[in-house]
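A structural walkthrough
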Amino acid sequence: MTVSKNINNPVGMGGGKRKKLSRAERQNNGPHRNLDRQGAAAQKAELVRKMREKASAAEGARQAGDDTAQS
């Protein structure tokens, strides 16, 4: 094996063999992360929808209770 000139310039250590990473991938923001974020957004939307349904059901029950109390 060839010996490198110094520790910062290792000869034969990867040179052009490694995949060129885009800036986003270097920041750990590749296509796999975008899919994760879409999944998380869908999950959050589902949770918000369920919470709104519960809140509207509770509001409807509260109004029905008020109506019976007034009669």
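About the criteria used
Residues numbered from 1 in each chain as written. Predicted model: local features only at pLDDT ≥ 70, side-chain atom pairs only at ≥ 80, totals over all residues. Heavy atoms only, no water. Helix = DSSP H or I, 4+ residues; strand = E, 2+ residues; numbered from the N terminus. Buried < 20%, exposed > 50% of the residue type's maximum accessible area, 1.4 Å probe, protein only. Areas by Shrake-Rupley, 256 points an atom, 1.4 Å probe, with all protein chains shown as cover. Salt bridge = Lys/Arg side-chain N within 4 Å of Asp/Glu carboxyl O.

1. Some points on the overall build of the chain
A tally of regular secondary structure across the chain gives 2 helices and 0 strands. Here the chain holds 71 residues, and the buried ones make up 1% of them. Total accessible area computed for the chain in this model is approximately 6,800 Å², and 54% of it derives from carbon and sulfur atoms.

2. Considerations on the pattern of salt bridges
Where charged atoms from two side chains of opposite charge approach closely, those side chains can pair. Applying the stated criterion across every chain, the model contains 3 salt bridges. In this structure, R49 engages E53 in a salt bridge whose closest nitrogen and oxygen atoms are separated by 2.6 Å. Of this pair, R49 and E53 both sit in helix α2 (residues 31-70), separated by 4 residues, roughly a single helical turn. You can call R49 partly exposed: its relative accessible area is 39%. The partly exposed category is assigned to E53, whose relative accessible area is 44%. In this structure, E59 and R62 form a salt bridge, with 2.9 Å as the shortest nitrogen-oxygen distance. Taken together, the positions of E59 and R62, both in helix α2 and 3 residues apart, correspond to about one turn of that helix. The structure contains a network of salt bridges with shared partners spanning E46, R49 and E53.

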